[in-house]
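Here is how the chains run, residue by residue.
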Amino acid sequence: MPNLSSDPGGDYVGAMITRRRLAAVSALFLTSAALLFAHGAAGAAASALTIQHPWSRPATAGGVGVGYFTILNPGKTPDRLLRVETAAAQWAGLHVSQMRDGMMTMDEIKGGVRIDAGGRVDFQPGGLHVMFIGLKKPQKVGDVLPATLVFEKAGRIKVDFKVETGAPPKPMADMPGMKH
Ligand SMILES: [Cu+2]
């Protein structure tokens, strides 16, 4: 019975195999790492922003529609939503609703909406929203209103506003936390 552990030739072969295996494993690892890196870089270039839950409300053809969503910016640089484009309406713009002298008013936002690095901006009922004027089709629950959000740095991001009933607009008396 040969003692393999004391055979110098056997140890040498074993070491060679181990080394080759290690080389193969590192090559695989480096390839995966390179692919991951390439993928990550491409993803970052395409967009550093995430758009969550784009939704709209039912509306009639020729009427006015709204768009709500949340923008998350996990990146290290701020960005700015400049405008919204859509073929589904004659006009689309950035609006903000606010109380002024006890009246709910709506203003067009000039200069876009900033999203801080690591920040979040909510477009929601009673605040920031996208306004669609002159809808080309009626919007029924379950329909989708396609639009493009145009950002200063992230560029163009396509979103499908899903038509939902959402929460009914609340009277102001029900919103004690509302900042005026
Ligand atoms: Cu509006």
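First, a word on what this report is: a plain description of the structure on this page. (Residues numbered from 1 in each chain as written. Predicted model: local features only at pLDDT ≥ 70, side-chain atom pairs only at ≥ 80, totals over all residues.)

## With respect to the overall build of the protein chain
Okay, step 1: Of regular secondary structure, the protein chain possesses one helix and 10 strands.
Okay, step 2: Helices and strands in the protein chain line up, N terminus first, as α-β-β-β-β-β-β-β-β-β-β.
Okay, step 3: Here the protein chain holds 180 residues, and 19% of them are scored as buried.
Okay, step 4: Within the protein chain, residue pairs in contact and separated by at least 24 positions form 68% of the contacts whose partners lie at least 6 positions apart. (Helix = DSSP H or I, 4+ residues; strand = E, 2+ residues; numbered from the N terminus. Buried ≥ 20, exposed ≤ 12 C-beta atoms within 10 Å, placed from the backbone. Contact = placed C-beta atoms within 7 Å.)

## Concerning the environment of Ile109
Okay, step 1: Of note, Ile109 is situated in the loop between strand 5 (103-108) and strand 6 (113-115).
Okay, step 2: Residue classification places Ile109 among the partly exposed residues on the basis of 14 C-beta atoms within 10 Å.
Okay, step 3: Sequence separation between Ile109 and His95 is 14 residues; the distance between their C-alpha atoms is 5.5 Å.
Okay, step 4: Apart from residues no more than four positions distant in its own chain, Ile109 is found in contact with Leu94, His95 and Val96.

## Concerning the pairing of strand 8 (residues 128-135)
Moving residue by residue along a regular strand, the side chains alternate between the two faces of the sheet.
Okay, step 1: The pairing of strand 2 (residues 64-72) with strand 8 spans four bridges and is classified as antiparallel. Paired with Val64 across the strands is Ile133, a residue of strand 8.
Okay, step 2: Inspection of the sheet shows strand 4 (residues 89-100) paired to strand 8 by seven bridges, in the antiparallel sense. Note on strand 8: the bridge partner recorded for Ala92 is Phe132. (Pairing = 2+ DSSP bridges.)

## A short note on the environment of Trp55
Okay, step 1: The topology assignment puts Trp55 in strand 1 (residues 50-56).
Okay, step 2: Between the C-alpha atom of Trp55 and that of Val163, which follows or precedes it by 108 residues, the distance is 5.7 Å.
Okay, step 3: If near-sequence neighbours (up to four positions away) are discounted, Trp55 is found in contact with Tyr68, Phe161, Lys162, Glu164 and Gly166.

## Thoughts on the nonpolar core
Okay, step 1: Counting residues in hydrophobic clusters, the biggest one holds 25 residues, and the most contacted among them are Leu81, Val84, Ala92, Val130 and Ala147.
Okay, step 2: For this core, the elements supplying multiple residues, two or more each, are strand 2, strand 3 (79-85), strand 4, strand 8, strand 9 (144-151) and strand 10 (155-163).
Okay, step 3: Excluding residues that lie within four positions of it along the chain, Val130 makes contacts with Val66, Gly67, Val84, Ala92, Leu94 and Phe123. (Core = buried A, V, L, I, M, F, W, Y, C linked by C-beta atoms within 7 Å.)

## Observations concerning unusual backbone geometry
Okay, step 1: In this structure, His53 is a non-glycine residue whose phi angle is positive, near 45°.
Okay, step 2: Its location among the elements puts His53 in strand 1.
Okay, step 3: Owing to 14 C-beta atoms within 10 Å, His53 belongs among the partly exposed residues under this scheme.
Okay, step 4: Within the chain, Asp101 stands out as a residue other than glycine whose phi angle is a positive 50°.
Okay, step 5: Mapped onto the fold, Asp101 is located in the loop between strand 4 and strand 5.

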